[in-house]
Amino acid sequence: MSRKHFSRGMLMLVMTFLVILWMTPLFITFMTALKTQKEAGATLPWQLPQGFALIDNLRWAWSAGKLGQSFVQSMLYAGVGAALAIVFASLAGFALVQLRPSRPFGWFLLIYAGTVFPFQMYLLPLFYLYQTTSLYDTRIGLLLFYTAIAIPFCLFVLRNHFTTISQEIIEAAKIDGLSNFGIYRRIYIPLSVAAISALFLFQFTWIWNDLLFGITLAKSADVRPIMAGLAGLQGIYSSQNTPGVLAGALLASVPTILIFILLGRYLLRGMTLATSGE
Amino acid sequence: MNTETETAVIYRQSPAKLHSFRNWVEPYLYLFPAVLFVGVFLLYPAVYTFYISFTKWDGLNPPQFIGLQNYFQIVKEPVFQTSLRNTLIWVVATLLFPVMLGLMLAVFVNRIPLQGFYKSVFYLPYAISATSGAVIWGFMLSPVGVVNAFLREVGLGGLARSWLIIPPWNTIVMLIAFTWQTTGTNMILFLVGLQSIPTDPIEAAKLDGANAFQIFRHITLPLLKPITTVVITLAVVNSFKVFDLIWVMTQGGPYRSSETLAVTMYRESFVQFRLGFGASIASLLSIIVILFSVVYLRSIFRQES
């Protein structure tokens, strides 16, 4: 019995050490973001700040560092992109499960094939397509792409979910004279609210965190998404204004951390979904 | 299949031909937006990249077909060889650290209280983006950064160095940053697996006097095999795809010493403008990733089609 207590004590000790190790980078980043530039240069990173310069640093990252514009753009890309992807994917999923076109599994694979390739496979033709259609460096261009890339995974999850909807309800609705679109809007969608919310947050996070397409398909400060803005900021200022850049990194993480804190359980479930799908 | 013949029958029998045509076309109307978006922005570019990989192309004039020349040429380039070697290091290191450590943490956390707390702590680095993580580690590892300051403070100043500029240290420290960010997700997946395995065999083994390690080695690990397969395949596939972290921390440098295939593809395409090379690296990467993906895609779609 005491041996069991001993080994459990050891475990707790090891875990405490690992927790401290894991939190140190975030802790020190936060501490440095609290300091003024001068103070950050003169003190050791783990020394407590004298004043409270966080607001000033955030303000600097937002306006002088031009992260504010990217922040607003990314809200649009992630919010609208995820929502549109869910609308299109749910329509397609409804067609595959309820309306049964010929070869539904073939159609599913065609759309799902969009997630199979590494992203490098899309870059070159997209870049030149965007150049020739003047979608390059435009908000609509990025929004269209983010919508497209979110669709396959949304379809995967929604199609799975739709197959669990009871056929009895649908037969009853048909007898009541509901059209197909009525069945989609009045039965399929209301019965999928939980899955759709989890999916929305999951896709919002993905689009928000994207860097690769942001730097490939845009360049202007008022078009490029948040992570492209942050990478640009760090490239220019990382040695000149360390607290400002770190405040920027924290600022860029606020929405996804909020999503994680508020809806952590859903997000972890979303990750389990992703394992079976992406 | 069945529906096809059904609609055909309706089509022949129904007096209102227009109505049955509507029935036939309706599913495709619902499918159309998704197929259009995926086709234009994902499938067409993927197919076109594959085509470009067999051409000489400057982005302005029409591509010229040159067969496999890009592939033959690229494998001879030292840059590509370094990149390939780094990629393999990333794959192996991902299995050694984020996956093994994730499994270890899951086994530990499964045996002590406060699971929710530990899940949050180890998942948090993943909740901030790869880009933010890279900015944070760039700050930790800069010549005047936290790591060097700490080493000097504890009297190990001799070990302090420009971590991101000296190979192979730049790759090693990026692997540490990557481990910090991704171990939590593996831990959570393993935890899900651990909590779904039956407890009876473990109880029986305990009664027979097996120790903790024996139980883990001979009972838990074999029962965990399905989830382990998923985690390992995902980790391997993702390690081939790492881009953000490397691009923000070193841009693959200095002198392209820390590039992986994903980074080399980007640099060849958008910095050196050798588009054919870029496309052939992308195609090679796709083939590797798809081969690995087949393992778990097969397990997902086992029940279907």
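Conventions we followed
- Residues numbered from 1 in each chain as written.
- Chains lettered and ligands numbered in written order.
- Predicted model: local features only at pLDDT ≥ 70, side-chain atom pairs only at ≥ 80, totals over all residues.
- Heavy atoms only, no water.
- Helix = DSSP H or I, 4+ residues; strand = E, 2+ residues; numbered from the N terminus.
- Rg over C-alpha atoms; globule rule 2.2 N^0.38 Å.
- Buried < 20%, exposed > 50% of the residue type's maximum accessible area, 1.4 Å probe, protein only.
- Areas by Shrake-Rupley, 256 points an atom, 1.4 Å probe, with all protein chains shown as cover.
- Arc of directions from axis to C-beta.
- Phe/Tyr/Trp six-rings, centres within 6.5 Å; stacked < 30°, edge-to-face > 60°.
- Contact = heavy atoms within 4.5 Å.
- Buried area = accessible area lost by both parts, 1.4 Å probe.
- Salt bridge = Lys/Arg side-chain N within 4 Å of Asp/Glu carboxyl O.
- Polar contact = N/O pair within 3.5 Å; in protein donor to acceptor, adjacent residues only side chain to side chain.
- Bend = angle between axes of the 7 residues up to and from the residue.
- Patch = residues over 30% accessible without salt bridge, like charges linked within 9 Å, V, L, I, M, F, W, Y side chains within 5 Å.
- Core = buried A, V, L, I, M, F, W, Y, C linked by side-chain atoms within 4.5 Å.
- pLDDT = per-residue confidence, 0-100.
- Axes fitted to C-alpha atoms, helices over the stretch in contact; angles between N-to-C directions.
- Parallel < 35°, antiparallel > 145°, perpendicular 65-115°, else oblique.
- Left-handed = near helix turned anticlockwise from the far one by under 90°.
- Nonpolar A, V, L, I, M, F, W, Y, C, P; charged D, E, K, R; others polar.

Trainee: Is there a simple way to explain the overall build of chain B in this structure?
Mentor: Of regular secondary structure, chain B possesses 14 helices and 2 strands. In terms of overall dimensions, chain B is more spread out than a globule: its C-alpha atoms have a radius of gyration of 26 Å, far above the 19 Å expected for 305 residues. Residues classed as buried in chain B amount to 51% of the 305 residues present. Per element, the accessible surface of chain B, about 14900 Å² overall, is 67% carbon and sulfur.

Trainee: Teacher, can you tell me more about the overall build of chain A here?
Mentor: A count of helical and extended segments in chain A gives 13 helices and 0 strands. Put simply, chain A runs from its N terminus to its C terminus through helices and strands in the order α-α-α-α-α-α-α-α-α-α-α-α-α. Here chain A has a C-alpha radius of gyration of 24 Å; the compact-globule value for 278 residues is 19 Å, and the former is much larger. The principal-axis extent of the C-alpha atoms belonging to chain A is close to 75 × 70 × 35 Å. Counting only residues that meet the buried cut, chain A has 56% of its 278 residues in that class.

Trainee: How should I be thinking about helix α3 (residues 69-76) of chain B in this particular structure?
Mentor: Helical periodicity: at 3.6 residues per turn, an α-helix aligns residues three or four positions apart in one direction. Residue and element names in this part refer to chain B. Listing the buried residues of α3 in full gives N70, Y71 and I74. Along the axis of α3, the buried positions cluster into a sector of 95 degrees, meaning they face one direction only. Summarising the geometry of α3, the exposed residues directed more than 90 degrees from the buried face are F72 and K76.

Trainee: Looking at this model, I keep getting lost on the packing of aromatic side chains. Mind explaining?
Mentor: Remark: the centre distance and the inter-plane angle together describe each pair of aromatic rings, the angle taken between the planes. This structure, assessed with the given rule, holds 52 aromatic pairs over all chains. Note on Y184 of chain A and Y30 of chain B: the rings are 6.5 Å apart at their centroids and 65 degrees apart in plane angle, and the pair reads as edge-to-face. Remark: Y30 of chain B occurs in helix α2 (residues 17-52) and Y184 of chain A occurs in helix α9 (residues 180-188); the pair is interchain, linking two chains. Look at F50 of chain B and F54 of chain B: their rings are 5.3 Å apart centre to centre, the planes differ by 85 degrees, and that puts the pair in the edge-to-face class. For F50 of chain B, a relative accessible area of 39% translates into the label partly exposed.

Trainee: How should I be thinking about the interface of chain B and chain A in this particular structure?
Mentor: The parts lose accessible area when they come together, and the size of an interface is often stated as this lost area. Taken together, the contact between chain B and chain A spans 91 residues of the former and 87 residues of the latter. Between chain B and chain A lies a buried interface of about 8300 Å² when both sides are counted; carbon and sulfur atoms form 80% of it. The three residues of chain B that bury the most area against chain A are Y30, F41 and L42 of chain B, which together make up 9% of that side's buried surface. Applying the counting rule to chain B against chain A returns 0 salt bridges. Applying the counting criterion to the chain B and chain A interface returns 11 residue pairs in polar contact (both at pLDDT 80 or more).

Trainee: Would you mind going over the pattern of salt bridges with me for this structure?
Mentor: Pairing is possible between side chains that carry opposite charge, provided their charged atoms lie close to one another. All names here are of chain B. Scanning the model with the defined rule gives 7 salt bridges over all chains in all. We note a salt bridge from R274 to E268, for which the minimum N-O separation is 2.7 Å. Residues joined in a network through salt bridges with shared partners are E77, R256, E259, R267, E268 and R274.

Trainee: Please clarify how helix α6 (residues 120-132) of chain A should be interpreted in this entry.
Mentor: Residues and elements named next belong to chain A. Helix geometry: α6 is bent most strongly at L126, by close to 25 degrees. With 10 of 13 residues buried, α6 lies mostly within the body of the structure. Of all the residues in α6, the buried ones are Q120, M121, Y122, L123, L124, P125, L126, F127, Y128 and Y130. In the stretch just after α6, S134 is the one whose phi turns positive, near 50 degrees.

Trainee: Mind showing me how you'd approach a nonpolar patch on the surface here?
Mentor: Side chains of V92, L96, F97 and M100 of chain B sit close together on the surface and give an oily, nonpolar patch of about 390 Å² of accessible area. With respect to the element layout, M100 of chain B can be found in helix α4 (residues 78-109).

Trainee: Please clarify how the nonpolar core should be interpreted in this entry.
Mentor: M15, F145, I151 and F213 of chain A together with F122 and M249 of chain B are the most contacted members of the largest nonpolar core, which has 171 residues in total. Aside from chain neighbours lying at most four places away, what touches M249 of chain B is A134, W137, G138, L141, L164, M174 and A177 of chain B.

Trainee: When you look at the confidence of the model for chain B in this model, what are you seeing that I'm missing?
Mentor: Detail in the predicted coordinates should be disregarded across regions flagged by low pLDDT. Residues of chain B with pLDDT of at least 70 account for 91%, and the chain-wide mean is 87. Per-residue pLDDT stays below 50 along residues 1-14 of chain B; that stretch engages in 6 contacts with residues further than four places along the chain or on separate chains.

Trainee: Just to check I follow, could you spell out the packing of α6 of chain A against helix α13 (residues 261-270) of chain B for this structure?
Mentor: Remark: α6 of chain A packs on α13 of chain B, axes separated minimally by 10 Å, with the N-to-C direction vectors making an angle of 15 degrees. In terms of orientation, α6 of chain A lies roughly parallel with respect to α13 of chain B. Relative to α13 of chain B, α6 of chain A is oriented so that their crossing is right-handed. Only A262, M265, Y266, S269 and F270 of chain B of α13 of chain B make contact with α6 of chain A, whose side of the interface consists of Q120, L123, L124 and F127 of chain A. The residue inventory of the contact of α6 of chain A with α13 of chain B, partitioned by class, reads 7 nonpolar, 2 polar and no charged.

Trainee: Where do I start with unusual backbone geometry in this structure?
Mentor: Glycine aside, a negative phi is what most residues show, and trans is what most peptide bonds show. The step from P167 of chain B to P168 of chain B runs through a cis peptide bond, and the omega angle for that step is 0 degrees. The omega angle of the peptide bond from G253 of chain B to P254 of chain B is -5 degrees, so this bond is cis rather than trans. Within the secondary structure layout, P254 of chain B lies in the loop between α12 (244-249) and α13. With phi around 60 degrees, K66 of chain A is a residue other than glycine that occupies positive phi space. Secondary-structure assignment places K66 of chain A in the loop between α3 (54-62) and α4 (67-99). By relative accessible area, which is 44% here, K66 of chain A ends up partly exposed. One non-glycine residue, D137 of chain A, adopts positive backbone phi at about 60 degrees.

Trainee: Teacher, can you tell me more about the environment of W180 of chain B here?
Mentor: For W180 of chain B, the position within the fold is in helix α8 (residues 169-196). C-alpha of W180 of chain B to C-alpha of Y123 of chain B: the two residues are 57 residues apart in sequence and 9.5 Å apart in space. Residue contacts for W180 of chain B: discarding those within four places in its chain leaves W22, P25 and L26 of chain A together with P125, I128, G133 and W137 of chain B. Side-chain polar atoms of W180 of chain B contact the backbone oxygen of W22 of chain A, separated by 2.8 Å.

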